[in-house]
Amino acid sequence: MIKLPSLPMALRQFFKKPVTNFFPAKNLPPSITGFLQSVADGKATIHPPIPIPPKYRGKIAYDRDTCIGCKMCIRVCPANAIEFIPETKRMRIWVTQCVFCGQCTDICPKGSLHMSYEFLLATENRFSESMIVE
Amino acid sequence: MSEKKAPYELPIGPIHPALKEPINFTFKMNGEVVEEVDFAPGRVHRGIEWMGMRRNPVQILHLCDRICGICGVHHALVFAQAVEQIAEIDVPDRAYYIRTIIAELERIQSHILWAGVAAHELGFDTLFYLAWQIREESVDVIEYITGNRINYGIMMFGGTRRDITPDMYPRINQALSYYEGLFDKMVNLFLTDKTIAMRCKNTGVLSKRRALELATVGPTARASGLAMDVRVDSPYAAYGDLDIDIILPEVYRDETVGDVYDRIVVRIFEVKQSIGIIRQCMAQMPEGPVLAEEKYAKLLLGLKKVAGETFARVEAPRGEDMHYVRMNGKQEAPEMWKVKASTYSNQMAWVEILRGEQIADIPIIVASIDPCMSCTDRVAVVNQEGEGGILTKEYLHRLSVEKTRRMQV
Amino acid sequence: MSSDILLTLAGVVLVTLFGIVAGLFLMGIDRICAARMQMRQGPPLTQPFTDIRKLLCKDSVVPANAIPALFNAAPIVAFASAVTVLFYLPLGSILPVGTPLPMVGEYGDLILIMYLLTVPALAMVVGGFASGSPYASVGAQREMVTMIAYELPLAIAIVAIAWRLAVAGLVMPFSVNTLAAHPIWTVVGPIGIIGCILLLIVLVWVTPAELSRIPCDTPEAETELCGGLLVEYSGRNLALFSLSMAAKLVAMAGLSVLLFLPWNLSPVIGISGIGAAGIDLLFFLAKVIVVMFFSVTLVRVVMARFRINTVVSLYWGWLTTIGLIGMFLIIIDGSITYAGCLL
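Please read all numbers here as calculations on a predicted model, not as lab measurements.

### Considerations on the overall build of chain A
Moving on, step 1. Broken down by element type, chain A carries four helices and five strands.
Moving on, step 2. In terms of overall size, chain A is more extended than a compact globule, its C-alpha atoms giving a radius of gyration of 21 Å where 134 residues would be expected to give roughly 14 Å.
Moving on, step 3. On the principal axes, the C-alpha backbone points of chain A span a range of 75 × 40 × 25 Å.
Moving on, step 4. The buried share of chain A, taken over its 134 residues, is 21%.
Moving on, step 5. Counted over contacts in chain A with a minimum sequence separation of 6, partners at least 24 positions apart contribute 65%.

Shown next as structure tokens:
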């Protein structure tokens with residue numbers, strides 16, 4: 001009489017494992033990078049994240065030695081996240097401003113920049129060491 | 001309960017659980033029935049065009065991705081097309097096909113997201129969770145291809161930044177088979193369910209004539225029977241080579257009513273159409289480069305010198321999305337950039353379809369045209385004193401009367 | 001005399017606590033079952049307790065447009081009346097009239113329960129109208145309409161069963177003791193069993209309307225009215241409303257159990273005394289969980305929300321018809337069994 005196609009589906013799903021992708025920690029830690037540090041030290045357990053695909057655009061990684069200070073990356077950064085330091089002729093990248101587009105990576109003539117696979121980056125201090133790449 | 005129900009005003013928004021984005025609705029109600037609707041968008045205005053006029057085109061491409069989370073890559077695509085038209089850059093064929101594949105993947109993900117949101121507005125949370133769980137597969141494939149789930153950053157002037165190599169095909173095929181297998185289940189759950197049919201049939205009806213007069217676009221127009229689709233009418237990217245039908249509600253129902261149910265039908269069947277298009281693209285993809293100009297420095301230098309104005313349009317998941325770009329050759333940033341998103345054309349339909357409906361149906365009708373206010377809000381109204389506000393006709397009339405009096409003195 | 005009063009007070013407090021704890025526990029089970037059916041993890045079982053504790057810590061904001069006296073009094077009335085219903089229901093083998101906790105006198109039967117069940121809903125309506133918000137007014141109107149709609153099938157079900165017991169020769173057919181001692185299934189013949197099944201269906205459908213759950217949760221629709229009736233309530237007032245909804249859950253499910261599944265475990269196992277009361281209480285909880293799963297949780301998960309006119313046409317149209325057919329079958333059964341003896 002009343003067609004309810006969701007009914008058999010709901011009953012079947014009752015017995016299946018939930019598909020929730022759990023948060024890494026049981027309760028929210030004050031700083032994710034601090035939490036990762038304590039996991040590395042062996043003091044806390046983590047729900048492993050799902051596998052990362054290749055060529056994932058994570059946090060930027062910068063090789064100071066190969067950089068020539070041409071400032072091409074600053075020209076294309078949409079978020080103005082890269083700062084040029086004139087004294088050393090090198091860059092400083094502010095990860096909190098970065099939009100992870102990877103444009104700087106593509107344009108760098110020497111290949112000094114590449115996107116790593118790190119994505120668990122949340123922290124409450126925007127000037128902490130993990131948020132500035134130089 | 002038998003005395004005459006006094007008319008009152010019910011505000012919905014800007015913050016309301018029924019609305020996914022802030023819009024200020026004011027309804028004049030009589031009991032439970034809506035008599036008149038007024039709405040004021042403009043609450044998600046972020047000044048994107050202002051930002052765009054201070055950046056060079058490569059930076060604007062990444063800005064376009066962030067105009068909207070759900071239809072972002074279409075904005076980037078249409079901006080890339082516009083600049084390519086001005087600069088007369090020839091895009092290689094392989095890049096056209098890759099652009100098509102990414103655009104269709106985004107369409108799948110957007111329509112499934114909308115299906116879940118519509119179910120949530122009806123109070124049917126089971127389908128909401130199911131739809132978003134199904135959507136995960138398409139977003140995972142997009143992450144595999146482009147490197148990120150949203151804000152793909154894959155468009156570039158003259159092609160795309162990444163290639164879809166043949167070793168990626170198995171993963172994409174796996175996702176497509178997943179969706180093909182689930183399609184019947186989706187049709188069964190959404191379209192044969194009695195409670196959804198009770199709520200959605202003959203609700204929010206937009207007749208074909210009114211849809212044409214109100215200039216609606218996209219699935220909203222197609223659900224009312226208008227056969228318009230930018231992919232078929234003025235093909236871009238690889239659509240010219242592909243075999244595409246325009247999806248109208250007749251694929252499932254016997255007649256076109258133009259109600260909320262028709263819009264659900266059109267969107268679910270468009271998911272199936274997108275799967276077919278991606279399979280066609282993967283079969284037909286030619287070899288070749290994916291970028292016309294590999295060196296970005298040369299590209300930027302070239303873009304600095306071009307001049308001209310153009311507009312380009314694509315079929316975003318919500319309808320026709322149009323960008324107008326003017327470059328004057330003296331500066332890097334465009335002189336003028338205007339985005340006309342699809343919801344801008346569709347939102348006037350709200351005034352028509354909400355009239356005479358009950359409060360209970362307001363959320364589903366508002367959600368049925370798939371509003372994306374992030375795409376839409378481009379202009380804020382500022383009056384002469386610099387305060388924000390709406391200029392009413394009486395106010396303008398009064399201003400002109402005062403000026404006349406001043407001039408007569 | 002004073003020991004009687006003390007005993008009554010102890011009974012009252014114990015049943016209130018039981019109502020709160022069992023109600024919140026049932027809500028926790030409902031949420032986990034619904035989540036598992038949606039392939040989600042779901043909250044921990046003690047989540048409703050945490051919610052109530054959090055609500056009690058916050059202050060109750062009274063809007064400027066509201067009528068403070070009614071606004072603050074409505075939750076208290078709702079909670080008190082929801083718990084009062086539990087005094088009149090048999091909880092396992094703890095019967096309200098008599099042993100072992102004589103909380104109420106000889107008065108108090110099904111008709112009283114039926115009327116008491118309307119009081120929490122009325123209190124919510126008064127609270128909604130006193131909130132001074134258009135959403136709350138619309139929600140309160142809808143709650144009144146829903147109440148009018150579901151009272152009729154509920155009354156039909158209860159009266160039909162009580163009438164059948166009276167025809168079978170039992171005195172005081174509306175008293176809960178009679179119902180607990182003589183389940184309806186043992187009294188009726190085969191035609192009556194079909195009638196009773198129809199009335200069971202009616203009661204299973206009245207339960208979500210009574211408890212304001214999907215598909216009939218139009219008064220508190222989250223996406224339509226930001227919470228409808230309860231939109232302006234916060235802090236302690238909202239905690240009291242939640243507790244009243246929890247107690248009503250136990251009461252409504254307990255009513256269904258009383259009418260259709262009143263068997264106890266202790267005669268089967270053969271214990272007596274306090275042990276019997278404990279075992280029967282747990283069995284009562286198990287029955288209530290099963291009833292709640294089928295009439296609240298499963299229905300909530302597989303359907304969309306109805307519009308208010310659908311609710312009215314469903315309850316006044318379809319369910320009333322089914323109830324009347326059930327009642328008719330029971331009348332036929334009664335007149336066949338007691339040929340000609342129509343009371």
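Now that the structure is up, let's keep going.
### Brief notes about the overall build of chain B
Moving on, step 1. The helix and strand tally for chain B stands at 17 helices and eight strands.
Moving on, step 2. Computed over its C-alpha atoms, the radius of gyration of chain B comes to 23 Å, within 12% of the 22 Å expected for a compact globule of 409 residues.
Moving on, step 3. Counting the 409 residues in chain B, one finds 51% classified as buried.
Moving on, step 4. Look at the contacts in chain B between residues 6 or more apart in sequence, and 69% of them connect residues 24 or more apart.

### A closer look at the interface of chain A and chain C
Moving on, step 1. Taken together, the ten residues of chain A in the interface contact nine residues of chain C.
Moving on, step 2. Among the residues forming the side of chain A that touches chain C, the class breakdown is six nonpolar, three polar and one charged.

### Focus: the domain arrangement of chain B
Moving on, step 1. Along its sequence, chain B is organised into domain 1 (48-375) and domain 2 (385-409).
Moving on, step 2. Domain 1 of chain B and domain 2 of chain B are separated by 42 Å when their C-alpha centres are compared.

### Description of the sheet that holds strand 1 (residues 7-12) of chain B
Residue and element names in this part refer to chain B.
Moving on, step 1. Strand order in the open sheet formed by three strands is 1-2-3, and the pairing between neighbours is antiparallel. Bordering the open sheet on either side are strand 1 and strand 3 (33-40), each of which pairs with just one other strand. Looking at each pair of strands side by side, their axes are set apart by 20° on average, direction ignored.
Moving on, step 2. With six bridges connecting them, strand 1 and strand 2 (residues 24-30) associate as antiparallel partners. Its bridge partner lying in strand 2, Pro7 is registered against Asn30.

### Describing the interface of chain B and chain C
Moving on, step 1. Listed by partner, the interface residues are 24 residues for chain B and 21 residues for chain C.
Moving on, step 2. Looking at the side of chain B that touches chain C, the elements with two or more residues in it are strand 1, helix 4 (93-121), helix 5 (125-146), helix 7 (194-200) and helix 15 (362-368) of chain B.
Moving on, step 3. Looking at the side of chain B that touches chain C residue by residue, the class counts come to 13 nonpolar, seven polar and four charged.

### What to know about the nonpolar core
Moving on, step 1. Membership of the largest hydrophobic core comes to 249 residues, with the highest contact counts inside it found for Phe79 of chain B together with Leu89, Leu249 and Ala251 of chain C.
Moving on, step 2. Looking at this core element by element, the count peaks at 18 residues for helix 10 (residues 235-260) of chain C.
Moving on, step 3. Contacts of Leu249 of chain C, omitting those with residues within four sequence positions, involve Gly23, Leu26, Met27, Leu211 and Met292 of chain C.

### With respect to helix 4 of chain B
Within an α-helix, residues lying three or four positions from one another point in the same direction, as the helix has 3.6 residues per turn.
Moving on, step 1. With 29 residues, helix 4 of chain B ought to run about 42 Å at 1.5 Å a step, and its terminal C-alpha atoms sit 42 Å apart, in line with that.
Moving on, step 2. Downstream of helix 4 of chain B by one or two residues, Gly123 of chain B has phi in the positive range, about 90°.

### Quick look at the pairing of strand 6 (residues 307-316) of chain B
Residue and element names in this part refer to chain B.
Moving on, step 1. Here ten bridges tie strand 6 to strand 7 (residues 319-328), and the two strands are oriented antiparallel to one another. Residue pairing in the sheet places Ala307 in a bridge with Asn328 of strand 7.
Moving on, step 2. Between strand 6 and strand 7, which pair antiparallel and follow one another directly, the connecting turn spans two residues.

### A closer look at helix 3 (residues 68-87) of chain C
All names here are of chain C.
Moving on, step 1. Counted at 1.5 Å a residue, the expected span for helix 3 with its 20 residues is 28 Å, and the 30 Å between its end C-alpha atoms agrees.
Moving on, step 2. In helix 3, a bend of some 25° at Ala74 exceeds every other bend along the element, and Pro75, a proline, comes one to four places later.
Moving on, step 3. Where helix 3 is buried, its residues meet helix 1 (2-37), helix 4 (110-129) and helix 10.

### Description of the confidence of the model for chain B
Residues and elements named next belong to chain B.
Moving on, step 1. Of all residues in chain B, 91% attain a pLDDT of 70 or more, and the chain-wide mean is 85.
Moving on, step 2. Note on residues 379-391: pLDDT under 50 across the span, and twelve contacts to partners over four residues away in sequence or across chains.
Moving on, step 3. Taken together, the chains of this predicted complex give a pTM of 0.86 and an interface ipTM of 0.85.

### A short note on the sheet that holds strand 5 (residues 132-133) of chain A
Sheets are built from strands paired through backbone hydrogen bonds, the pairs being either parallel or antiparallel.
All names here are of chain A.
Moving on, step 1. With antiparallel pairing, the three strands of this open sheet are ordered in space as 2-3-5. Among the strands making up the open sheet, the edge pair consists of strand 2 (82-85) and strand 5.
Moving on, step 2. Two strands pair when backbone bridges link them, and strand 3 (residues 90-94) and strand 5 are joined in this way by two bridges, in the antiparallel orientation. Looking at the pairing, Ile93 lines up with Val133 of strand 5.

### With respect to the environment of Asp93 of chain B
Residue and element names in this part refer to chain B.
Moving on, step 1. For Asp93, the position within the fold is in helix 4.
Moving on, step 2. Separated by 277 residues in the primary sequence, Asp93 and Asp370 have C-alpha atoms spaced 32 Å apart.
Moving on, step 3. The residues touching Asp93, leaving out its near neighbours within four places in the chain, are Pro286 and Gly288.

Calculation notes
Position labels on residues start from 1 in each chain and follow its written sequence. The order in which chains are written sets their letters, starting at A; the order in which ligands are written sets their numbers, starting at 1. Thresholds applied to this predicted model are a pLDDT of at least 70 for local features of residues and 80 or more for the giving and counting of side-chain atom pairs; totals over whole chains, interfaces and linings are not thresholded and use all residues. Numbering of helices and strands starts at the N terminus; helices are DSSP runs of H or I of at least 4 residues and strands are runs of E of at least 2. Using C-alpha atoms as the atom set, the radius of gyration is obtained and then compared with a globule rule of 2.2 Å times the number of residues to the power 0.38. Using C-beta atoms placed from the backbone, we call a residue buried if 20 or more other C-beta atoms fall within 10 Å of its own, exposed if 12 or fewer do, and partly exposed for counts in between. Note on contacts: each residue gets a C-beta atom placed from the backbone, and two residues are in contact if those atoms are within 7 Å. We call Asp, Glu, Lys and Arg charged. Ala, Val, Leu, Ile, Met, Phe, Trp, Tyr, Cys and Pro are nonpolar, and the rest, Gly among them, are polar. The domain limits used here are those given by an automatic or database domain assignment. A pair of strands is labelled paired if DSSP reports no fewer than 2 bridges between them. Angular values range over 0 to 180 degrees, each being the angle between N-to-C directions of two axes fitted as lines to C-alpha atoms, with helices fitted over their stretch in contact. Any set of buried Ala, Val, Leu, Ile, Met, Phe, Trp, Tyr and Cys residues joined through C-beta atoms within 7 Å is what this text calls a nonpolar core. Each residue after the first adds 1.5 Å to the expected span of a helix. Here the bend at a residue means the angle between the axes of two seven-residue stretches, the one that ends at it and the one that starts at it. Values of pLDDT, the confidence the predictor places in each residue, fall between 0 and 100.

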